Amino acid sequence: MLKTIAAFERIGEENAFAVLARANALAAQGRDIINLGIGQPDFRTPDHVVEAAVKALRDGHHGYTPAVGIAPLREAVAADLYRRHAVTVSPDEVMILPGGKPAMFMCILMFGEPGAEILYPDPGFPIYRSMIDFTGARAVPVPICEENAFSFSAEETLALITPRTRLLILNSPANPTGGVTPRREVEKLVAGLERFPDVAILSDEIYDNMIYDGEAHVCLLAYPAIRDRLILLNGWSKTYAMTGWRLGYAVWPGKLYDYARKLAVNLHSCVNAAAQYGGLAALSGPQDAACHMVAEFDRRRRVVVEGLNRLPGISCATPKGAFYAFPNITRTGWTAKALASALLDEAGVAIIGGPDFGVLGEGYVRVSYANSTQNIATALTRMEEFLTTRKAA
Ligand code: PLP
């Protein structure tokens, strides 16, 4: 009998991938499925980015690169952070990684162990909880509530810190709620964190370019009081429609950089060289494709929110960021996962149940509007038909 270690019984996953597989399997059987489940832009990577990667291969960039990424790309990340958020980082603090996810993997591994506590957003990106459980640390949920416009409350978060707290995970704009933390809440939190100098912060800002209604993104690197214990996660997946390229980065403080570099050497050696040249073109080239994508998401956001609010039993707050709506479905009488599953099987619409993002996600579903307006409209019509004719299971 194969013996496994307990940590592997605790590790979780992302149900969005399972829903995607199920939606694709139904589509392969000839069913007409509209996928509002997956969190990836439906746009193509901008042409100049693809061309730069092809050119890199033609130019002979076939070999290993430095484990931390090529220098021009690390410099471009530093310049981009300055251009967009007026924060100064040294390229030597920037590490190129195969996606944004490896930054959370590495960071949670660094801080998690039995006896430690890690605070994470609930509902939130499921890998935070999964990795915390994997390390044996105690996962302490920070409630993200509709009443608070899907932001954390600084006061509530600070009250959860104990002498065992090692790491606090933040995510704004947020998956799955589309919530954006207001500057005043960030500032209250940062001021409070000065009382807890041993608590590190992982700020997942992967949706920082997708923000609407004149809200400004608050980059946590802007706060010197926490800079020496702040890890920033970001990447190209969402901003430049590059999810499949596997390209992201982290900014690490102090000695964590070298720990992360060693993990990279042990794990992946370096990121695919051509992808790094593509990423360089994305940051240093024209931004019109990225801007167009945000404008289009903004338009669809209005369509989706308006449409969801017309459905019986559903109310949907207007999300301020990312490309997700997180409607409240409690008045439909359905539980979230049963509704998501029945909608896929019976109406051909894939969405994700809120509990896939944490226990506080019950009563909500995540609707991704990374799909065409036409498909969104058809999905809303199907949902309306379903909810008016089908009794809750
Ligand atoms: N962080 C959040 C909040 C996400 O939603 C995602 C992807 O869905 C990631 C990180 C991971 O991004 P990547 O595909 O670059 O690994």
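Everything quoted here is computed from the prediction, not taken from an experiment.

K.L.:
How should the packing of helix α5 (residues 101-111) against helix α6 (residues 126-135) be read in this particular structure?
P.N.:
Packed helices, taken two at a time, are described by the angle between their axes plus the distance between the axes. Between α5 and α6, the least distance of the axes is 9 Å, while the angle of their chain directions is 30 degrees. Taken together, the axes of α5 and α6 are roughly parallel relative to one another. Judged by the sense of rotation from one axis to the other, the crossing of α5 with α6 is right-handed. Contacts from Lys-101, Met-104, Phe-105, Ile-108 and Leu-109 in α5 reach Ile-127, Tyr-128, Met-131, Ile-132, Phe-134 and Thr-135 in α6. Per-class residue counts for the contact of α5 with α6 are nine nonpolar, one polar and one charged.

K.L.:
How should I be thinking about the sheet that holds strand β11 (residues 352-353) in this particular structure?
P.N.:
Backbone-to-backbone hydrogen bonds join strands into a sheet, with any given pair of strands oriented parallel or antiparallel. Read across the sheet, three strands follow the order β9-β12-β11 without closing on themselves; strand pairing throughout is antiparallel. Only two strands of the sheet have a single neighbouring strand rather than two, namely β9 (324-325) and β11. Where β9 meets strand β12 (residues 365-368), two bridges bridge the pair, whose relative direction is antiparallel. The partner of Ala-325 across the bridge, within β12, is Val-367.

K.L.:
I tried to follow unusual backbone geometry on my own but got confused; where do I start?
P.N.:
Glycine aside, residues mostly have negative phi angles, and peptide bonds mostly take the trans form. A cis amide bond links Ser-172 with the next residue in sequence, Pro-173, at an omega value of -15 degrees. Here Pro-173 is to be found in the loop between β5 (165-171) and α8 (183-193). With omega at 10 degrees, the peptide bond leading from Asn-175 into Pro-176 counts as cis. As for its position among the elements, Pro-176 is in the loop between β5 and α8. The backbone of Ala-322 shows a phi angle near 60 degrees, a positive value even though the residue is not glycine. Structurally, the position occupied by Ala-322 is in the loop between α11 (288-310) and β9. Residue Ala-322 is classed as buried on the basis of its relative accessible area, which comes to 0%.

K.L.:
Can you help me understand the pattern of salt bridges in this one?
P.N.:
Pairing is possible between side chains of opposite charge, provided their charged atoms come close. Counted by the stated rule, this structure contains 27 salt bridges. Residue Arg-301 pairs with Asp-298 through a salt bridge whose shortest N-O separation is 2.9 Å. A residue pair is termed a helical-turn pair when its members lie 3 or 4 positions apart in one helix, as Arg-301 and Asp-298 do in helix α11 at three residues. Bridged by salt links that share partners, the residues Asp-213, Asp-298, Arg-301, Arg-302 and Lys-320 form one connected network.

K.L.:
Please clarify how the pairing of strand β6 (residues 200-204) should be interpreted in this entry.
P.N.:
Two faces, one strand: in a regular strand the side chains alternate between the faces of the sheet. Among the five residues that make up β6, five are buried, leaving the element largely enclosed by the rest of the structure. Residues Ala-200, Leu-202 and Asp-204 line one face of β6 and the alternating positions Ile-201 and Ser-203 line the opposite face, and both faces are buried. With five bridges connecting them, β5 and β6 associate as parallel partners. Across the sheet, Leu-168 pairs through a bridge with Ile-201, a residue of β6.

Reading the values: the criteria
Residues numbered from 1 in each chain as written. Predicted model: local features only at pLDDT ≥ 70, side-chain atom pairs only at ≥ 80, totals over all residues. Heavy atoms only, no water. Axes fitted to C-alpha atoms, helices over the stretch in contact; angles between N-to-C directions. Helix = DSSP H or I, 4+ residues; strand = E, 2+ residues; numbered from the N terminus. Parallel < 35°, antiparallel > 145°, perpendicular 65-115°, else oblique. Left-handed = near helix turned anticlockwise from the far one by under 90°. Contact = heavy atoms within 4.5 Å. Nonpolar A, V, L, I, M, F, W, Y, C, P; charged D, E, K, R; others polar. Pairing = 2+ DSSP bridges. Buried < 20%, exposed > 50% of the residue type's maximum accessible area, 1.4 Å probe, protein only. Salt bridge = Lys/Arg side-chain N within 4 Å of Asp/Glu carboxyl O.

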